[in-house]
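Listed here are the chains, written in short residue letters.
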Amino acid sequence: MTITEDNNARRPTWAEIDLDALAENLRVIRERVGREVKVMAAVKADAYGHGAVPCARRLEAEGVEWFGVALPEEGIELRRVGITKPILCLGGFWEGQQKACLQQNLTPVVYRLDMIESLDRFARDAGVIADVHVKIDTGMGRLGVRADDVSQFCAALQGLRHIRVDGLMTHLAAADDPAQDDFTKGQLARFELAVEIFRERGFAPSHVHAANSAAAFAYPTARGEMVRPGATLYGFSRDVLSPNITPPRLRPVMSLHSRIMLLKTVGKREKLGYGCSFETSRESLIATIPIGYDDGYRRALSNRGRVIVGGKLAPVVGRISMDLTLIDVTDVPGVSLRDQVTLLGRHGALTITAAEVAELAGTISYEITCAISSRVPRIYANV
Ligand SMILES: *Cc1c(COP(=O)(O)O)cnc(C)c1O
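Thresholds applied
Residues numbered from 1 in each chain as written. Predicted model: local features only at pLDDT ≥ 70, side-chain atom pairs only at ≥ 80, totals over all residues. Heavy atoms only, no water. Helix = DSSP H or I, 4+ residues; strand = E, 2+ residues; numbered from the N terminus. Contact = heavy atoms within 4.5 Å. Areas by Shrake-Rupley, 256 points an atom, 1.4 Å probe, with all protein chains shown as cover. Lys, Arg positive; Asp, Glu negative; His and termini not counted. Charge placed at Lys NZ, Arg CZ, Asp CG, Glu CD. Buried < 20%, exposed > 50% of the residue type's maximum accessible area, 1.4 Å probe, protein only. Arc of directions from axis to C-beta. Salt bridge = Lys/Arg side-chain N within 4 Å of Asp/Glu carboxyl O. Pairing = 2+ DSSP bridges. Domains from an automatic or database assignment. Buried area = accessible area lost by both parts, 1.4 Å probe. Polar contact = N/O pair within 3.5 Å; in protein donor to acceptor, adjacent residues only side chain to side chain. Nonpolar A, V, L, I, M, F, W, Y, C, P; charged D, E, K, R; others polar. Patch = residues over 30% accessible without salt bridge, like charges linked within 9 Å, V, L, I, M, F, W, Y side chains within 5 Å. Axes fitted to C-alpha atoms, helices over the stretch in contact; angles between N-to-C directions. Parallel < 35°, antiparallel > 145°, perpendicular 65-115°, else oblique. Left-handed = near helix turned anticlockwise from the far one by under 90°. Near = heavy atom within 4 Å.

This part takes up the overall build of the protein. Each helix and strand in the protein was counted, giving 11 helices and 21 strands. Projected onto its principal axes, the C-alpha coordinates of the protein cover approximately 80 × 50 × 40 Å. Within the protein, residue pairs in contact and separated by at least 24 positions form 67% of the contacts whose partners lie at least 6 positions apart. Only carbon and sulfur atoms are counted for the fraction: they give 49% of the accessible area of the protein, which is about 17800 Å². Placing the 47 positive and 46 negative side-chain charges of the protein at their respective mean positions leaves the two points 3 Å apart.

When helix H7 (residues 150–157) is considered as a whole, its buried residues turn out to be Val150, Phe153, Cys154 and Leu157. What you see down the axis of H7 is that its buried residues fit within an arc of 100°, all on one side.

This brings us to the pattern of salt bridges. Evaluated as defined, the whole model comprises 22 salt bridges. The shortest N-O distance in the salt bridge between aspartate 125 and arginine 124 comes to 3.6 Å. On the basis of relative accessibility, which here comes to 63%, the residue aspartate 125 falls in the exposed class. Take arginine 124: its relative accessible area is 45%, and that puts it in the partly exposed class.

The next thing to look at is the pairing of strand S8 (residues 163–169). Within S8, 6 of the 7 residues are buried, which leaves the element mostly enclosed by the surrounding structure. Bridge count for strand S6 (residues 130–137) against S8 is 6 bridges, and the pairing is parallel. In the strand pairing of S8, aspartate 131 is matched with arginine 164.

Attention now goes to the domain arrangement of the protein. Each assigned domain of the protein is listed here: domain 1 (19–234) and domain 2 (254–381). Its C-alpha centre places domain 1 at a distance of 38 Å from the equivalent point of domain 2. At the interface, 9 residues of domain 1 touch 7 residues of domain 2. When the buried surface of domain 1 facing domain 2 is broken down by residue, Tyr48, Gly49 and His50 rank first, second and third, together holding 58% of it. Counting across the interface, domain 1 meets domain 2 through 0 salt bridges. Counting across the domain 1 and domain 2 interface gives 5 residue pairs in polar contact (both at pLDDT 80 or more). Elements represented by at least two residues in the side of domain 1 that touches domain 2 include exactly helix H1 (19–33) and helix H2 (44–48). Here the side of domain 1 that touches domain 2 is composed, by residue class, of 5 nonpolar, 3 polar and 1 charged.

So, about unusual backbone geometry. You will see that asparagine 303, though not glycine, has its phi angle at about 60°, which is positive. Along the polypeptide, asparagine 303 turns up in the loop between strand S15 (284–289) and strand S16 (306–309). Despite not being glycine, arginine 338 has its phi angle at roughly 75°, a positive value.

With that settled, the discussion passes to a nonpolar patch on the surface. A cluster of nonpolar side chains, contributed by Met261, Leu262 and Leu324, occupies part of the molecular surface with about 260 Å² of accessible area. Relative to the helices and strands, leucine 262 is located in strand S12 (residues 262–266). In this structure leucine 262 comes out as partly exposed when scored by relative accessible area, which is 44%.

Regular strands place side chains that alternate from one sheet face to the opposite one. Taken together, the 4 bridges between strand S11 (residues 254–259) and strand S19 (residues 340–347) define a ladder with antiparallel strand orientation. Within the sheet, the bridge partner assigned to histidine 257 lies in S19 and is threonine 342. Across 2 bridges, S16 lies against S19 in antiparallel orientation. Looking at S19, one finds that isoleucine 308 is bridged to threonine 342. In this sheet, strand S20 (residues 350–352) lies alongside S19 in antiparallel orientation, the contact comprising 3 bridges.

Take helix H3 (residues 52–61) next. Taken across its 10 residues, H3 has 7 buried, putting it largely inside the fold. Within the sequence span of H3, burial applies to Ala52, Val53, Cys55, Ala56, Arg58, Leu59 and Glu60. The inward-facing, buried residues of H3 abut strand S1 (14–18), H1, strand S2 (38–42), H2, strand S3 (66–69) and helix H4 (72–80). Looking one or two residues beyond H3, the residue adopting positive phi is glycine 63, at roughly 95°.

The N-to-C vectors of H1 and H3 enclose an angle of 50°; their axes lie 10 Å apart at closest approach. Taken together, the axis directions place H1 and H3 in an arrangement best described as oblique. Crossing handedness for the pair H1 and H3: right-handed. Here Leu19, Asp20, Leu22, Ala23 and Leu26 of H1 come into contact with H3, specifically with Pro54, Cys55, Arg58 and Leu59. A per-class count over the contact of H1 with H3 returns 7 nonpolar, no polar and 2 charged.

A word on the site of the ligand. Every residue close to the ligand is listed here: Ala42, Lys44, Tyr48, Leu90, His171, Asn212, Ser213, Arg228, Pro229, Gly230, Ala231 and Tyr366. Contact between the ligand and serine 213: an oxygen atom at 2.5 Å from a side-chain N or O atom of the residue. Within the backbone of glycine 230, an N or O atom sits 2.9 Å from an oxygen atom of the ligand. Here the ligand has 390 Å² of accessible area as a free molecule, and 92% of this is covered by the chains. When the residues that make up the shell around the ligand are grouped by side-chain class, the tally is 6 nonpolar, 4 polar and 2 charged.

Laid out in C-alpha cells, this is it:
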C-alpha cells in the first residue's frame, strides 16, 4: 500500500442540503399566504443548521424580501458575503454593537428604552437615522414592550430624533395549537391595539408583522404585510403546524448520511456498547458507523433510532457514543462495508424525517437540524 496525501480526504459523514427544496418550500409558503405578503426568511442559528450563507444566497435569488437573524454577528456574516436585502436582528443588539448595526445596515428589534436611546446617540453622532422594529410582548413573555406599557413607551420614543420606527412586531407562543386558539387571538388583539396606539401617536411603521410558520398557515389575520417563516422553509411541518390545517407539500432540505466502517458477526446474547444496554437475541450482523453525539446524532436515540441502509430500516443498537454508533443490519440483504447509511432524509422508497427523529429523542425538528455540529460538512445540492 502506498501512502498518499489527500487534503480533501475525510470521514464519510455528511449532511446534504438541497437548495432546490428550499426554493420550492418558499414557493409553497408564498402560495399559501398570497403574493402580496412579504417573506422574512428566518436564517438565524446558521439557518437552523442548514448553513446561513448558502441558504440566504439562494433565498435572496428567489426574491425573499427580508432576512431574520438572532444576533448582529449573524447579520454581519451575511453582509460580508454580499447579502443586500434588509436584515432584522430578532434579539436586538448587545452593548458595543450599535455602530456595527448602523455600518452594516442591520435593523435591530428593540424592546428597552435605554437600548433605543443609546442607538439614537450613535445615529446622531454618525449623522444618520437608525431604523428599528419595536417588539411588543403580547403574551410570549420573553422579549418586547409589555402591552400595558405601550403608550408610555411611545411617548418616550417621540423625543428621539435619530430613530425611525420602521416596523412593529410581536411573536406568538402557540399558533400551532388549536386548543390555545383563544390565547392566540388574545395576543393578536393586544398587538392590534398596540399598533393602533403607535399610529395615533404619529408613527407610520412600514412593516407590521406577527406570524412565524405556524401562524402564517393557521391565522390569515396574523399575516399582515409580512410573515416570518423559518421551520417551514426547511421543510418541517408535522411538529410545527396546527393539525387542523391541510398539510402543505414541503420537502425536507437537510439529509444526513454516513457509511459503514466496520461489519462484524456477533453471537447470540452478546452485549454491545457503553453500559451494555443492548444484548443480541440472535446471532447478528452489526455495523459501526462514524457518527455520534458530538456530530449531533443525539444520545437519546440510543436503542431507539432507526437508519436506512440497503433499502431497509435498521435499528440503532446500544448507546450512541461521541463519535460512533452501532446498527443492526442482520436483516439487510447484501449489506457490505462502505455502504451508505441515511440517518435523516430519503433513500430509495424510505424516508426518515426530522420530526420522527425528534419524537424518538423527545424534542422537536428544529433541535435536530440545529444540533448537527460543524464537524459534519454540509454538501450543497442544486446551488
Ligand atoms: C425564529 C423566529 C421565527 C421563525 O419561526 P418558525 O417557527 O421557525 O417559523 C419567527 N419570528 C421570530 C421572532 C423568531 O425568533
